[in-house]
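Residue-level structure breakdown
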Amino acid sequence: MNLKDLKYLLALAEYRHFGKAAKACSVSQPTLSIQLKKLEQALGVQLFERGQKRVLITASGLSIIEQAKHVLSAMNELKRLAKLAKDPFSAELRLGLIPSLGPYLLPHILPLIKQQLPKLVLYLYEDKTEILLTQLNQGNLDAIILALPVDHKGMTVQTLFKEPFFLVMPVSHLLHHKKELHLKDLNHANLLLLEEGHCLRDQALEVCRKKNNLKEKTNYRATSLETLRNMVASGAGITLLPLLALEEHPLIVNKPFSAPVPERKIGILWRKDSALEPCCKKLATLIENTLPDVLADLEKQLKSAKTRRA
């Protein structure tokens, strides 16, 4: 029995067809069939029921296939660790981001990652905070970038930057021409929020700290920031958006708050015993050094746009 036999085993379990499994493994059908017969003889159990039109997995086969998955996964991890030992920045990194950050942060950092970490292969995933934390704990992700604070037991956490919130409103809104904007000005406003489960929803409510005075339009719930922006443009209400997500829109005004400016803290997490810690640290340093200038430039652009409108 060898690792190649286990690959044949998993291929047949996936395709339930000898021809398709053989093609996926780049071998002939007789070769795959013979090797699996030898595997069954070595183990002393029947793994498959072979019919004319279908292949069924036996009860013994199911448990052995599951174990084979673990064996191959462990072998791949050994190969990855050996590769990292030679070059810690030549790796595959599975990075998770929350939806209210990923599409707006990535355009600013991906070119720099490509330049400073040319051997790093990034696999990017977007999901809600709770799911990202679960995936990181289970080893399905190597690092996650999200809003802090979160429960980070067993994790290394590093703050990357702080991002201010802006009030986003229709151009016809009464607060449009207010010289200084404070959170108390949002009392009794129609605040539009993302649906339950999005951390930005909780952040917006926490920032306002006036839940009893906020009248949320319960018949409007958005699943993304782009939908939320379109809802504001239609005149359905107002919302809070982080600086990176702001865009110029003819029907929308993005208005900054006066001090103290509400903001959210963005950080990166990875497992404390991760073999990819050098990559995670390098990525964290890159973002930490880059984002202050990016945010400052964005605020300048918003002020220039406001001047042009006036």
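Our structure is the block above this text.
So, here is what we can say about the structure in this document. Everything numeric here is computed off the predicted structure, so don't read it as measured data.

What counts as what
Along each chain, residues carry numbers from 1 onward, in the same order as the chain's sequence is written. Given that the model is predicted, a residue must reach a pLDDT of at least 70 before its local features are reported, and side-chain atom pairs must reach 80 or more before they are shown or counted; all residues, however, enter totals for whole chains, interfaces and linings. Water and hydrogen atoms play no part in the side-chain values, which are based on all heavy atoms of the structure. Only DSSP runs of H or I reaching four residues or more are called helices, and only runs of E reaching two or more are called strands; each is numbered from the N terminus. Remark: exposure states derive from per-residue accessible area (1.4 Å probe, protein chains only) relative to the maximum for the residue type, with buried under 20%, exposed over 50%, and partly exposed in between. Contacts between residues were defined by any pair of non-hydrogen atoms, one from each residue, lying within 4.5 Å. For the area figures, the Shrake-Rupley method with a 1.4 Å probe applies, and any residue is considered shielded solely by the protein chains shown. In this scheme, strands are said to pair when DSSP sees at least two bridges between them. What is meant by a nonpolar core is a set of buried Ala, Val, Leu, Ile, Met, Phe, Trp, Tyr and Cys residues, joined one to another through side-chain atoms within 4.5 Å. Whenever a helix is involved, its axis is fitted only over the stretch in contact; in every case the axis is a line through C-alpha atoms, and angles between N-to-C directions fall within 0 to 180 degrees. Each angle receives one of four descriptions, namely roughly parallel if under 35 degrees, roughly antiparallel if over 145, roughly perpendicular if within 65 to 115, and oblique otherwise. Under the convention adopted here, Pro, Cys and the residues Ala, Val, Leu, Ile, Met, Phe, Trp and Tyr are nonpolar, Asp, Glu, Lys and Arg are charged, and Gly plus all remaining residues are polar.

So, about the overall build of the protein. When its secondary structure is counted, the protein shows 9 helices and 11 strands. Taking the principal axes of the C-alpha coordinates as reference, the protein spans close to 80 × 45 × 35 Å. A buried classification covers 43% of the 310 residues belonging to the protein. Considering only contacts within the protein whose residues lie at least 6 apart along the sequence, 74% involve residues at least 24 apart. Split by element, the accessible area of the protein, about 17100 Å² in all, is 51% carbon and sulfur.

As a further point, take the pairing of strand β11 (residues 263–271). Summarising burial for β11: 7 of the 9 residues are buried, a large majority. Alignment of strand β5 (residues 143–148) against β11, held across 6 bridges, turns out to be antiparallel. What sits directly across from Ala143, in β11, is Trp270. Of the strand pairs in this sheet, strand β6 (residues 155–170) and β11 are connected by 9 bridges, and their pairing is antiparallel. Residue pairing for β11: Thr156 is matched across the bridge by Trp270.

Attention now moves to the nonpolar core. The biggest cluster of nonpolar side chains holds 77 residues, and the ones touching the most others in it are Ile145, Phe161 and Leu244. For Ile145, the residues in contact, after removing those within four places along its chain, are Leu95, Gly96, Leu97, Ile98, Leu101, Leu105, Leu160, Ile266, Gly267, Ile268 and Ile287. With 20 residues, the next largest nonpolar core counts Leu10, Ala13, Ala21 and Phe48 among its residues.

The next subject is the packing of helix α2 (residues 18–25) against helix α3 (residues 29–43). Contact pair α2 / α3: the axes reach a minimum separation of 8 Å and the direction vectors enclose 100°. Our classification of the angle between α2 and α3 gives roughly perpendicular. Contacts between α2 and α3 involve Phe18, Gly19, Ala21, Ala22 and Cys25 from the former and Gln29, Leu32, Ser33 and Leu36 from the latter. When the residues that make up the contact of α2 with α3 are grouped by side-chain class, the tally is 6 nonpolar, 3 polar and no charged.

Turning to unusual backbone geometry, a few remarks are in order. In this structure, Pro149 follows Leu148 across a cis peptide bond, with omega equal to 5°. By the secondary structure assignment, Pro149 is in the loop between β5 and β6. Look at the link from Ala259 to Pro260: it is a cis peptide, with omega at 0°. Turning to its location among the elements, Pro260 is positioned in the loop between β10 (252–256) and β11.

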